[in-house]
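# Residue-level structural notes
Residue-level listing of the chains:
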Amino acid sequence: MWIEAESLVEKKIRAAVAVVGGGPAGIVTALDLARSGVDVVLIESGGRRPSPQVQDLGTANSFAPDRHAPMHDCTRRQIGGASVIWGGRCVPFDPIDFEQRDWVRDSDWPVRYDELAAWFARSCEYFRCGRPVFDIHGIDGIAQRSLVPGLPDGDVRSSSLERWSLPTDFGAEYARELQAERHVRVFSGLTCTEIELDASGRRVSGLTCRRLGDREIIRVEAQSYVIACGGIEGTRLLLASNKVQRAGIGNHADHLGRYYMGHISGKLARLRFTTPPERTVFGFDRDVDGTYVRRRLSFSPEFQRAEKLLNIVGFPANPEIGDPAHRNGVLSFAYLALASPLGRHFASDAIRKAAIGRTGERRIAAHARNMLLDPARTLSFIPVFGYKRFVARRKLPGFFQYSHDNSYPLHYHGEQIPHPDSRVRLSDSVDALGMRRLDIDFRYDEQDVDCVMRAHRHWDAYLRAHGVGFLEYADGDLRQKIWEQAADGFHQAGTTRMSQAPAAGVVDSQCRVHGVDNLYVASSSNFVTSSQANSTFMIVVFALRLADHLRSSGAATAQGLD
């Protein structure tokens with residue numbers, strides 16, 4: 001059942017489980033519990049479509065724009081959450097991420113990879129991304145196993161895969177099931193502004209919820225509560241719910257809001273291969289199920305341990321489409337499409353802004369000239385890509401352009417060190433519902449930059465040792481370039497970190513807030529480290545694991561409240 005908050009008459013809502021947040025974690029948790037007969041309410045601040053007024057509720061009071069994206073670019077307050085603007089890349093964390101690495105401070109996860117891998121298959125089902133196989137050697141029907149001929153897997157690997165989701169918008173993909181599932185009630189347009197604890201501080205007694213433009217309070221009561229409103233928004237809600245626990249719920253050890261992580265990424269060098277150009281796997285493959293997959297350069301866990309590297313990957317990329325010096329008609333067409341008034345229909349604002357940079361009449365003219373000088377390639381590309389991207393059921397995630405000189409920009413995407421002073425705090429500024437906004441202090445560390453530098457040296461040495469290529473750098477200070485590119489805000493992790501002991505974190509190994517019996521967090525904010533992977537796949541893995549725990553522990557029953 002789907003209920004718009006503006007038409008809501010009842011002032012008290014009761015269920016077995018209350019889930020706050022309608023992104024991938026909230027949708028998966030709610031549906032997975034409901035399918036087994038558990039009565040669930042799913043509360044979402046936004047509706048089916050974006051609303052500037054609702055989106056503004058999440059605007060930060062302060063942040064450093066050179067380090068952190070505006071919240072309206074990296075989050076969505078609507079059904080589907082950030083999956084509405086997500087590209088669809090599905091990749092799990094690696095086994096080494098769950099080791100306590102002595103070169104990565106505060107890296108002690110209370111769970112291990114082998115345990116979590118049990119939920120990979122079910123997670124892939126929700127993403128419609130095929131089988132849970134993330135190495136090219138586990139897939140039949142793909143003839144060339146290496147990125148280029150003659151490049152074996154060793155200290156450096158080129159067989160690691162990312163898979164690409166069929167539904168990149170969970171709100172659209174699961175809207176019908178949410179509507180039809182009799183054990184789920186979705187309340188859209190309803191914002192949770194406070195988690196209420198009982199006098200002991202050991203249990204949640206209810207949620208205070210409000211509609212935009214309405215002072216009336218709607219109360220939600222449940223057996224168990226799951227906060228799934230995304231990255232730092234869930235942390236904000238815990239900080240703001242401070243009537244009983246004065247520093248915020250779960251802030252008993254001053255960890256709530258700290259260890260804010262994402263990733264460090266950018267382009268520092270070109271991959272210049274000396275192998276036959278037509279044998280370079282520079283873009284997407286399709287596996288036996290038709291799922292799009294893409295390979296990356298990574299490092300073996302043994303090499304990471306020996307060299308004390310953070311987890312990092314790299315992959316061939318297109319030239320910057322905003323720079324007409326590439327003289328490629330297809331890339332210039334993409335630039336003009338994204339820079340046009342229709343650009344918002346082709347990509348999310350964040351992706352579009354990053355791709356086009358600053359627009360200007362001279363640049364537009366140069367891109368138009370590229371198309372005129374490259375008509376055959378441009379005209380053949382448009383209908384094929386248009387069908388695969390916008391018409392086909394399994395949509396092409398993007399495109400890559402073949403390089404005749406066999407050189408490609410190398411895009412790196414690396415783990416960010418957990419740093420206790422990288423954090424979010426409540427400000428004195430409030431939103432339209434009276435909730436205090438966040439001040440964001442997002443920091444990188446010299447170790448992050450050092451890892452990027454060393455990873456490139458190791459990649460270069462490995463390519464040269466096997467006679468297949470090398471890295472080529474532009475002039476300038478390479479470390480400074482890494483620092484200039486270091487920015488995130490899209491992969492919000494760490495601010496409710498998971499720990500075995502209450503003194504070391506905010507939630508326990510089952511995602512339950514330490515010291516509060518019936519409150520759980522389903523979010524990348526629980527992550528202890530950030531890995532090389534974007535967050536979405538592992539968010540759903542943990543959500544499924546949490547749903548199973550709620551059932552097996554009796555924290556979510558079909559009977560719910562008496």
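Residues numbered from 1 in each chain as written. Predicted model: local features only at pLDDT ≥ 70, side-chain atom pairs only at ≥ 80, totals over all residues. Heavy atoms only, no water.

### Some details on the environment of A15
Selection criterion: Only runs of H or I of at least four residues qualify as helices and only runs of E of at least two qualify as strands under DSSP, and these elements are numbered from the N terminus. Burial classes: relative accessible area under 20% of the type maximum marks a residue as buried, over 50% as exposed, and values in between as partly exposed (1.4 Å probe, protein chains only).
Mapped onto the fold, A15 is located in strand 2 (residues 12-20). Taking the relative accessible area as the measure of exposure, A15 reaches 4% and is therefore buried. Counting along the chain gives 23 residues from A15 to V38, while the straight-line C-alpha distance between them is 8.6 Å.

### As for the packing of helix 10 (residues 329-339) against helix 11 (residues 349-356)
Cut-off, in case you're wondering: Where helices are involved, their axes are fitted lines through C-alpha atoms of the stretch in contact, as for all axes, and angles between N-to-C directions lie from 0 to 180°. When describing relative orientation, an angle under 35 degrees is termed roughly parallel and one over 145 degrees roughly antiparallel, while 65 to 115 degrees is termed roughly perpendicular and anything else oblique. By convention the crossing between two helices is left-handed if the near helix lies anticlockwise of the far one by an angle smaller than a right angle, and right-handed if it lies clockwise. Note on contacts: a residue pair is in contact if any heavy atoms of the two residues lie within 4.5 Å. The nonpolar class holds Ala, Val, Leu, Ile, Met, Phe, Trp, Tyr, Cys and Pro. Asp, Glu, Lys and Arg form the charged class, and all remaining residues, Gly among them, are polar.
Interhelical geometry of helix 10 versus helix 11 gives an angle of 130 degrees and a closest axis separation of 10 Å. Comparing their axes, helix 11 and helix 10 come out oblique. Here helix 10 and helix 11 pass one another in a crossing that is left-handed. The residues of helix 11 that touch helix 10, namely those facing Y335, L338 and A339, are R352, A355 and I356. Residues of the contact of helix 10 with helix 11, tallied by class, amount to 5 nonpolar, no polar and 1 charged.

### Considering the packing of aromatic side chains
Definition in use: Any two rings among Phe, Tyr and Trp, with Trp reduced to its six-membered ring, count as a pair given centres within 6.5 Å; such a pair is stacked if its planes are under 30 degrees apart, edge-to-face if over 60, and tilted if neither.
Inspection of every chain in the model, using the stated rule, returns 28 aromatic pairs. Note on W164 and F284: the rings are 5.6 Å apart at their centroids and 90 degrees apart in plane angle, and the pair reads as edge-to-face. Within this pair, whereas W164 is found in strand 5 (residues 156-164), its partner F284 is found in strand 11 (residues 284-286), the two being separated by 120 residues in sequence. Neither W164 nor F284 differs from the other in exposure class; each is buried.

### Some words on a nonpolar patch on the surface
Put simply, the rule reads: Each patch is built from residues lacking any salt bridge and having more than 30% relative accessible area; the joining distance is 9 Å for like charges and 5 Å for nonpolar side chains (Val, Leu, Ile, Met, Phe, Trp, Tyr). Each accessible area is a Shrake-Rupley result for a 1.4 Å probe, and residues are judged covered by the shown protein chains and nothing else. Salt bridges are identified by distance alone: a Lys or Arg side-chain nitrogen within 4 Å of an Asp or Glu carboxyl oxygen.
A surface patch of nonpolar side chains, about 510 Å² in accessible area, is lined by L342, F346, Y387, F390 and V391. In this structure, F346 sits in the loop between helix 10 and helix 11. On the basis of relative accessible area, F346 is assigned to the partly exposed category, the value being 32%.

### Looking at the nonpolar core
Short version of the rule: Among the buried residues, those of types Ala, Val, Leu, Ile, Met, Phe, Trp, Tyr and Cys that are joined through side-chain atoms within 4.5 Å form a nonpolar core.
Residues L207, L519 and M538 are the most contacted members of the largest nonpolar core, which totals 157 residues. The element that contributes the greatest number of residues to this core is helix 16 (residues 536-552), accounting for 11 residues. When residues no more than four places from it in sequence are discounted, the contact partners of M538 are P92, F93, F98, L116, F120 and F527. I136, I139, I142 and L161 belong to the second largest nonpolar core, which has 5 residues in total.

### Some points on the pattern of salt bridges
In this structure the tally under the stated criterion is 46 salt bridges. Across the salt bridge formed by R236 and E233, the nearest N and O atoms sit 3.2 Å from each other. Here R236 pairs with E233, and both are found in helix 8 (residues 231-240), just 3 residues apart, close to one helical turn. In this structure R236 comes out as buried when scored by relative accessible area, which is 1%. One salt bridge connects E320 with K267, and the closest N-O pair in it is separated by 3.3 Å. Placement of the pair is E320 in the loop between strand 13 (312-316) and helix 10 and K267 in strand 10 (residues 263-273), with a sequence separation of 53 residues. Connected via shared salt-bridge partners are K12, R14, E196, R219 and E221.

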